[in-house]
Amino acid sequence: MASAPQSARLPDGRLHLQHGPIDLIIEACGALAEVEAAYQQAIDSFQTVLSGLVSELSVLRTPLDATTCPVLHNAIAQRMLAAVWPHRARFITPMAAVAGAVADHMLAALTQQRELRKAYVNNGGDIALYLNPGEHFKTGLVSRVDQPAISGICTLHAAMPVRGIATSGWRGRSFSLGIADAVTVLATHAAGADAAATLLGNAVICEHPAIQRQPARALDPDSDLGTLPVVVEVGLLDDAAVARALDNGQKMATTLQQDGLINGAVLCLQGQYRVIGQDVVLLPTA
């Protein structure tokens, strides 16, 4: 088990919580007393987040069976399972939704019985949102997760159903079966966005000699992807190959949107984009 959970206030007043691989930036807006009470609720709830997940880790790393639903007891683990269960016909484990589920759980703890205008929990780019009527939240789109330059803007209003944002890609902190530089998903909650971003990142794929893969377990013996080949390098692709990969991802994204599992998505690969939905505005390139 990692060292004890850590909490600190950033210079701008936001709350920073960290424990092992979990690293959260939290902001709440409202009356000072309500914000301070909300932050304390988040700190208190955070104490058992990692230990609760570790207690059910073996089940969370197991690929779903299309007919048998696993039994989980931890509240965050249950959020993870609920987020991935609609995708059980494909290869997926509950770990595909872990970052988003933690964000959702912490947002619920933060806002419980508090009077806030708006709030968010950012778990490494997977964001859970709380918006009171009339409020909005603006976030930047990053087309390469390893180069945090803003290439698009998304403004979410309280009247919209979106309360979760997640980004995935082969350059990120988790392994990917696909070659997307970044896939950003908008959904009704962060866990659902996280699961969908993982699958869409996997779906942006084509065959090309510039793509290098290794078995996941060769890179991380504990990976929930087992021996599946994950992308470790993507060289320069010709425009046709990029278009084929993005077309594959767009096809799945459109299906997920039609099924009500996502509200929108942006798929990014080597300077080309696909936008599903109308909530993201791409910025002009310099």
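Residues numbered from 1 in each chain as written. Predicted model: local features only at pLDDT ≥ 70, side-chain atom pairs only at ≥ 80, totals over all residues. Heavy atoms only, no water.

## Remarks on the overall build of the protein chain
Part 1 of the reasoning: In terms of regular secondary structure, the protein chain is built from eight helices and 14 strands.
Part 2 of the reasoning: Compactness check: the protein chain gives a C-alpha radius of gyration of 19 Å against a globular reference of 19 Å for 286 residues, within 12% of the reference.
Part 3 of the reasoning: Its C-alpha atoms give the protein chain principal-axis dimensions of roughly 55 × 45 × 35 Å.
Part 4 of the reasoning: Contacts spanning at least 24 positions in sequence make up 59% of the contacts within the protein chain whose residues lie at least 6 apart.
Part 5 of the reasoning: Counting 19 positive and 25 negative side-chain charges, the protein chain places the averaged centre of each group 3 Å from the other. (Helix = DSSP H or I, 4+ residues; strand = E, 2+ residues; numbered from the N terminus. Rg over C-alpha atoms; globule rule 2.2 N^0.38 Å. Contact = heavy atoms within 4.5 Å. Lys, Arg positive; Asp, Glu negative; His and termini not counted. Charge placed at Lys NZ, Arg CZ, Asp CG, Glu CD.)

## A word on the side chain of Asp104
Part 1 of the reasoning: Here Asp104 is to be found in helix H5 (residues 98-111).
Part 2 of the reasoning: No salt bridge is formed by the buried Asp104; the nearest opposite charge belongs to Arg79, separated by 4.7 Å.
Part 3 of the reasoning: Only 2.8 Å separates the side chain of Asp104 from the backbone nitrogen of Ala191, close enough to count as a polar contact.
Part 4 of the reasoning: Contacts of Asp104, omitting those with residues within four sequence positions, involve Arg79, Ala128, His189, Ala190 and Ala191. (Buried < 20%, exposed > 50% of the residue type's maximum accessible area, 1.4 Å probe, protein only. Salt bridge = Lys/Arg side-chain N within 4 Å of Asp/Glu carboxyl O. Polar contact = N/O pair within 3.5 Å; in protein donor to acceptor, adjacent residues only side chain to side chain.)

## Digging into the environment of Thr93
Part 1 of the reasoning: Tracing the chain through its elements places Thr93 in the loop between helix H4 (75-84) and H5.
Part 2 of the reasoning: The class of Thr93 is buried, set by a relative accessible area of 2%.
Part 3 of the reasoning: Aside from chain neighbours lying at most four places away, what touches Thr93 is Leu60, Arg61, Thr62, Pro63, Val84 and Asp224.

## Observations concerning the nonpolar core
Part 1 of the reasoning: Counting residues in hydrophobic clusters, the biggest one holds 72 residues, and the most contacted among them are Ile179 and Leu200.
Part 2 of the reasoning: Among the elements that take part in this core, helix H6 (residues 190-203) stands out by supplying nine residues, more than any other.
Part 3 of the reasoning: Non-local contacts of Ile179, meaning those with residues more than four positions away in its chain, are made with Trp170, Gly201, Val204, Ile205, Cys206, Ile211, Val231, Val234, Leu237, Ala245 and Leu269. (Core = buried A, V, L, I, M, F, W, Y, C linked by side-chain atoms within 4.5 Å.)

## Considering helix H1 (residues 32-46)
Part 1 of the reasoning: A rise of 1.5 Å per residue sets the reference length of H1, with its 15 residues, at 21 Å; its end C-alpha atoms lie 21 Å apart and thus fit the reference within 8%.
Part 2 of the reasoning: The set of residues buried in H1 consists of Glu34, Val35, Ala38, Tyr39, Ala42, Ile43, Ser45 and Phe46.
Part 3 of the reasoning: Where H1 is buried, its residues contact strand S1 (6-9), strand S2 (15-19), strand S3 (22-29), helix H2 (49-54) and H5. (Expected span 1.5 Å × (residues − 1).)

## Some thoughts on the sheet that holds S1
Whether parallel or antiparallel, the strands of a sheet pair through hydrogen bonds between backbone atoms.
Part 1 of the reasoning: Taken in spatial order, the nine strands of this open sheet run S1-S2-S3-S4-S5-S8-S9-S12-S13, and their pairing is antiparallel. Both edges of this open sheet fall to S1 and strand S13 (272-276), since each of them pairs with a single strand only. Taking each pair of neighbouring strands and ignoring which way they run, the sheet shows an average axis angle of 10°.
Part 2 of the reasoning: Here five bridges tie strand S12 (residues 264-269) to S13, and the two strands are oriented antiparallel to one another. (Pairing = 2+ DSSP bridges. Axes fitted to C-alpha atoms, helices over the stretch in contact; angles between N-to-C directions.)

## A short note on the pairing of strand S8 (residues 164-168)
Part 1 of the reasoning: A large share of S8 lies buried, amounting to four of its five residues.
Part 2 of the reasoning: Sheet topology places strand S5 (residues 126-131) next to S8; two bridges connect them, and they run antiparallel. Bridge pairing links Ile127 to Ile165 in S8.
Part 3 of the reasoning: The pairing of S8 with strand S9 (residues 182-187) spans five bridges and is classified as antiparallel. Of the residues in S9, the one forming a bridge with Ala166 is Val185.

## Points about the packing of H4 against H5
Part 1 of the reasoning: The interhelical angle for the contact between H4 and H5, taken along N-to-C directions, is 125°, at an axis separation of 9 Å. By the angle between their directions, the pair H4 and H5 is classed as oblique. The handedness of the crossing between H4 and H5 is right-handed. Touching Ala75, Ile76, Arg79 and Met80 of H4 are Val98, Ala101, Val102, Asp104, His105 and Ala108, all from H5.
Part 2 of the reasoning: For the contact of H4 with H5, a count of residues per class yields seven nonpolar, one polar and two charged. (Parallel < 35°, antiparallel > 145°, perpendicular 65-115°, else oblique. Left-handed = near helix turned anticlockwise from the far one by under 90°. Nonpolar A, V, L, I, M, F, W, Y, C, P; charged D, E, K, R; others polar.)

## Here we look at helix H8 (residues 239-258)
Given 3.6 residues to a turn, an α-helix orients residues that are three or four positions apart in the same direction.
Part 1 of the reasoning: Taking 1.5 Å per residue as the helical rise, H8 with its 20 residues ought to reach 28 Å, and the 28 Å between its terminal C-alpha atoms agrees with that figure.
Part 2 of the reasoning: Among all positions in H8, only Ala241, Val242, Ala245, Leu246, Gly249, Met252, Ala253 and Leu256 are buried. Angular distribution of buried residues about the axis of H8 spans 120°; they occupy a single face of the element. Away from its buried face, by an angle of more than 90 degrees, H8 presents the exposed residues Asp239, Lys251 and Gln258.
Part 3 of the reasoning: Check the buried side of H8 and you find it contacts H6, S12 and S13.
Part 4 of the reasoning: Of the residues one or two after H8, Gly260 is the one with positive phi, at around 80°. (Arc of directions from axis to C-beta.)

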